[in-house]
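# What the coordinates show
Letter by letter, the chains look like this.
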Amino acid sequence: MPSITELDVNGITQRVNASSERSLLSVLRDDLDLTGTKYGCGEGQCGACTVLLDGEPVRSCITPVSKAAGKRITTIEGLEQEGSLDPLQEAFLEVGAFQCGYCTPGMIMSGTSLLRRNPKPTAAEIAHAMQGNICRCGTYPRIVAAVRMAAQRRPS
Amino acid sequence: MNADLTRRDFFSALGCGVVILCAAESADAQESGRRSRNDARPQSISAWLHIGDDGTVTACTGKAEVGQNIRTSLAQAVAEELRVPLASIKLLMADTDLTPYDMGTFGSRTTPTMAPEIRKAAAAAREALVDIAASKWTVDRKTVRVADGKVSAAGHFAGFGELMRGQQLVQIIDPQVALTPAADWKIAGQSVPKVDGRDFVTGKHQYTHDLKRPRMLYGKVLRPPAFEAKLVSFDDAAAKQMPGVTTVRQGDFVAVAAPDSESAQRAVEALKAEWKTETQPSEGELFAYFKANARPGEDRQSGGSIDQGMAQAHQKLSQSYTVAYIAHVPLETRVAVAEWSRENKLTVWTGTQRPFGVRADLATEFGIHEENVRVIVSDTGSAYGGKHTSEYAIEAARLAKAAGQPVKVSWTRQEEFTWAYLRPAGVIEIASGVRQDGVITAWDFHNYNSGPSGMQITYDIPNRRIVFHPSKSPLRQGSYRGLAATANHFARETHIDELAHALNIDPLEFRLKNLKDERQRAVLVAAANRFGWGKQKAAAGHGYGISMGFEKGGYVATCAEVSVEGGRPKIVRVVEAFECGAVVNPDHLSNQIEGAIVMAIGGALFEQVHFENGKILNPMLSRYRVPRFGDVPVIETVLVDRKDLPSAGAGETPIVGLAPAVGNAMFQATGIRQRSLPFSS
Ligand code: FES
Ligand code: FES
């Protein structure tokens, strides 16, 4: 089996030894102990496992690790810069946009990529872009509010 | 209680300081009924609180945090009574070695029972600090003040830690200790953010899924092709050849453990097993099956005479309503990590609402004393009533025992849909009689299988019979957020709407006419006013609906606006008023209500577990639709804060009002009556 030996995660080159068909999710979680990225379904339906590959959101549970090799992988652990939170993380805290918090990393990653593509999304655009992320606790209205708050605070 | 033992236990673990114990006089402890015989710790303690000689305040409870934010609300209660900032309080929760026995985190019991206990402990600790200060400074205790985490009296000033130095005081609280009245709350009653929120937005919080133990293996269970299947032949030779793989067979339980999850998957696929299955009831015959297998009913809240009530009626109505099985779908699937020590002591980390129940089940399963089992629950990726049982803990522990290494078993989404348990399906039949002036004269209500909770009425109907008929369920069923209250409210509030329409009376007016209960009236009017009920006509293709109810100490009323296009409903706006006594944290309460409304959308419109002959047909998120962003209406919550009443829990009751309000609105929009949940069925 061909294997993947190097991954660029959150700006750091990580040594791994993973057969190429393994899911990016399991390599991040089990091999690199980056457990902020969550398993929710394994079928690309819930968004809990969302990470960015060269800035684009992907479902890491159905992404073979070979697809991530050579790309910049960003996980939830990579958003905080020198101890200060990303504006979207701040907004989630401020709005209280979670209950159990299990969907939160995936929501923040999806929201981050949305804000990069569309810095001032409307509520409808947010709902549309994040339709693939499930919050079973039902905090959707607050998540929309948090994304909007982060958008407003961004220097335009 | 053996105070010496307690003293030694606490101070060896925590150092000097003061420990305040809550004697378990609460309903919670009484309901639990049973205490394990071989638990060394005093059994009469429901919670305790410790102030260390470094000033740290630790409050301890067996309750688990599953997203309902009790870690925050309980800390607020402590901060309030101890007059300290919220940040200086540590809450130790749901660890069977460290926290007092607790029956479980369910039934919306934490706020009405645990919060007052913890609050009393904090109040007693404050009084103990005052005593210590008074004797140390030889001043009158009346002159001692506790504020902002400091104790002071004329010319004296000390932090908690300073006062505690060298003290070892264990005190059982006087249940009559004076509490700060809700009207004077400064920290409790406020919206404060989740206490450890930062860990959730950075991905640092470790759920059970995220735990890793040294030498840990990954476990996988071979699932039978149908429920009740029996293993007839089994061959694990190929699996055993694989490096590092352990296999276990115990009766019909077959599982493997391997060094990583992919090898575990390959090993389980390499097992050869033959199963014998039995024919089982399928979806199409479900409701007839419930009625055919019904056992004698349990009467609830019956009174008067149905015959007399019907004789007084000008109009009569008989209808039947159904609800489907639905799944909890907690985003963190069921998971457990088990580890055996050399001394044969078992530790299990797992997401559960019943840590002590799981401990008892593990002790029974392995024939060991409960004191040799420790269950630790890290704050869990939600539960909604779905995490009461022990099977995944047992699976991990069996594998760990066989492998001699720690093992993690995390269920896949498919296992979660198939091998967990469901909210019961059911049939509800209602016969009623009503006078032409709108007074309901008879109410005959029968629930088959779905459950008795929320069957009671707040309507003033003297002639009533309200009966729950248990039955046999083809699928495994159990607890759920709101449980049967959702089904019973749906049936009742739909039926009430049908009566109002039959009489041509406005549904709000009809309800008020039959309602004396002041608290119920207050929430109903609050919701209607905010919604603007009766102020304007719904647009073409739109309809308005209303519902109300009472369950677990909380009163709820819901108004909905729905549009129906091409037969497909879209919920446009929901207003829900809720009253559960004194509000502890308004923002978290609104969050719970909003969340319950969103969850209720699924059960109302589309969630349904399909099954046939012992198999679940849609065990995946691509075939079991849960509410998503696009399904969410404008939601407005109205909190009716009754500072004069004790606080009730709020995790469940807000879920019951949506389905009938939406169904009633769909009727107004289309003239088609919805009598089955989900409406898409
Ligand atoms: S775990 Fe990847 S989408 Fe659900
Ligand atoms: S906060 Fe629990 S799933 Fe979103």
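No experiment lies behind these values; they were computed from the predicted model shown. (Residues numbered from 1 in each chain as written. Chains lettered and ligands numbered in written order. Predicted model: local features only at pLDDT ≥ 70, side-chain atom pairs only at ≥ 80, totals over all residues. Heavy atoms only, no water.)

### Some words on helix α16 (residues 518–531) of chain B
Residues and elements named next belong to chain B. The line we're drawing: Going along the chain from the N terminus, every DSSP run of H or I of four or more residues is numbered as a helix, and every run of E of two or more is numbered as a strand. Multiply 1.5 Å by the residue count of a helix minus one, and that product is the helix's expected span. Only protein chains enter the calculation, and the probe is 1.4 Å; a residue is then buried if its accessible area is under 20% of its type maximum, exposed if over 50%, and partly exposed in between. Contacts between residues were defined by any pair of non-hydrogen atoms, one from each residue, lying within 4.5 Å. Between N or O atoms, a polar contact is any pair within 3.5 Å; within protein, one atom must be a potential hydrogen donor and the other a potential acceptor, and residues adjacent in sequence are included only when both atoms are from side chains.
In this model, α16 (14 residues) spans 20 Å end to end at C-alpha, consistent with the 20 Å of a helix rising 1.5 Å per residue. Three or more residues of α16 are buried, namely Gln-520, Val-523, Leu-524, Ala-526, Ala-527, Ala-528 and Phe-531. Here the buried face of α16 lies against α15 (507–513), β23 (542–551), β24 (554–565), β25 (568–579) and β28 (634–639). For α16, the N-terminal cap is Asp-517; the gap from its side-chain oxygen to the backbone nitrogen of Arg-519 is 3.0 Å. Gly-532, located one to two residues past α16, shows a positive phi value of around 85 degrees.

### Examining the pairing of strand β9 (residues 217–221) of chain B
In summary, the side chains of a regular strand alternate between the two faces of the sheet. Residue and element names in this part refer to chain B. Keep this limit in mind: Between any two strands, pairing holds if DSSP finds at least two bridges.
Burial within β9 is extensive, with five of its five residues counted as buried. Strand direction decides the pairing type here: β9 and strand β19 (residues 407–410), joined by two bridges, are parallel. Following the sheet pairing, Leu-217 is matched in β19 by Val-407. Strand direction decides the pairing type here: β9 and strand β12 (residues 253–258), joined by four bridges, are antiparallel. Looking at β12, one finds that Gly-219 is bridged to Ala-257.

### Some thoughts on the sheet that holds β19(B)
Residue and element names in this part refer to chain B. Here is the rule we go by: Comment: axis = line fitted to C-alpha atoms, over the contacting stretch for helices; angle = value between 0 and 180 degrees taken between N-to-C directions.
Taking strand neighbours across the sheet as the criterion, the seven strands line up as β11-β12-β9-β19-β16-β17-β18 in an open arrangement whose pairing is mixed. What marks the edges here is a single partner per strand, and that holds for β11 (246–250) and β18 (373–376). Direction aside, neighbouring strands of the sheet carry axes that sit 20 degrees apart on average. Pairing analysis gives five bridges linking strand β16 (residues 335–340) to strand β17 (residues 346–350), with the strands arranged antiparallel.

### Re the pairing of strand β1 (residues 3–9) of chain A
Residues and elements named next belong to chain A. Across six bridges, β1 lies against strand β2 (residues 12–19) in antiparallel orientation. The partner of Leu-7 across the bridge, within β2, is Gln-14. The sheet contact formed by β1 and strand β5 (residues 72–74) spans two bridges and is parallel. Residue pairing across strands places Asp-8 opposite Arg-72, the latter belonging to β5.

### Overview of helix α8 (residues 261–270) of chain B
An α-helix turns once per 3.6 residues; consequently, residues spaced three or four apart project the same way. Residues of α8(B) that are buried: Glu262(B), Ser263(B), Ala264(B), Ala267(B), Val268(B) and Ala270(B). Looking at the buried residues of α8(B), the elements they touch are α1 (24–31) of chain A together with β9, β10 (230–235), α7 (237–241), β12 and β13 (272–276) of chain B.

### Looking at the environment of Arg213(B)
Residues and elements named next belong to chain B. Mapped onto the elements, Arg-213 comes out in the loop between α6 (197–201) and β9. We classify Arg-213 as partly exposed; its relative accessible area is 29%. Taking C-alpha positions, Arg-213 is 8.9 Å from Lys-408, a pair spaced 195 residues apart along the chain. In contact with Arg-213, other than residues within four places in its own chain, are Val-337, Glu-339, Trp-349 and Pro-406.

### Observations concerning the pattern of salt bridges
All names here are of chain B. Rules: Definition used for salt bridges: Asp or Glu carboxyl oxygen within 4 Å of a side-chain nitrogen of Lys or Arg.
Tallied over the entire structure, the rule returns 51 salt bridges over all chains. In this structure, the salt-bridge partner of Arg-71 is Asp-196, at a minimum N-O distance of 4.0 Å. Here the residue Arg-71 occupies a position in helix α3 (residues 70–82), and Asp-196 occupies one in the loop between β8 (168–172) and α6, the gap between them amounting to 125 residues. The salt bridge involving Glu-278 is made with Lys-276; its shortest N-O contact spans 3.5 Å. By sharing partners, the salt bridges in this structure join Glu-81, Arg-119, Arg-126, Glu-127, Asp-131 and Arg-141 into a single network.

In short, the description is geometric, and any link to function would need to be established separately.
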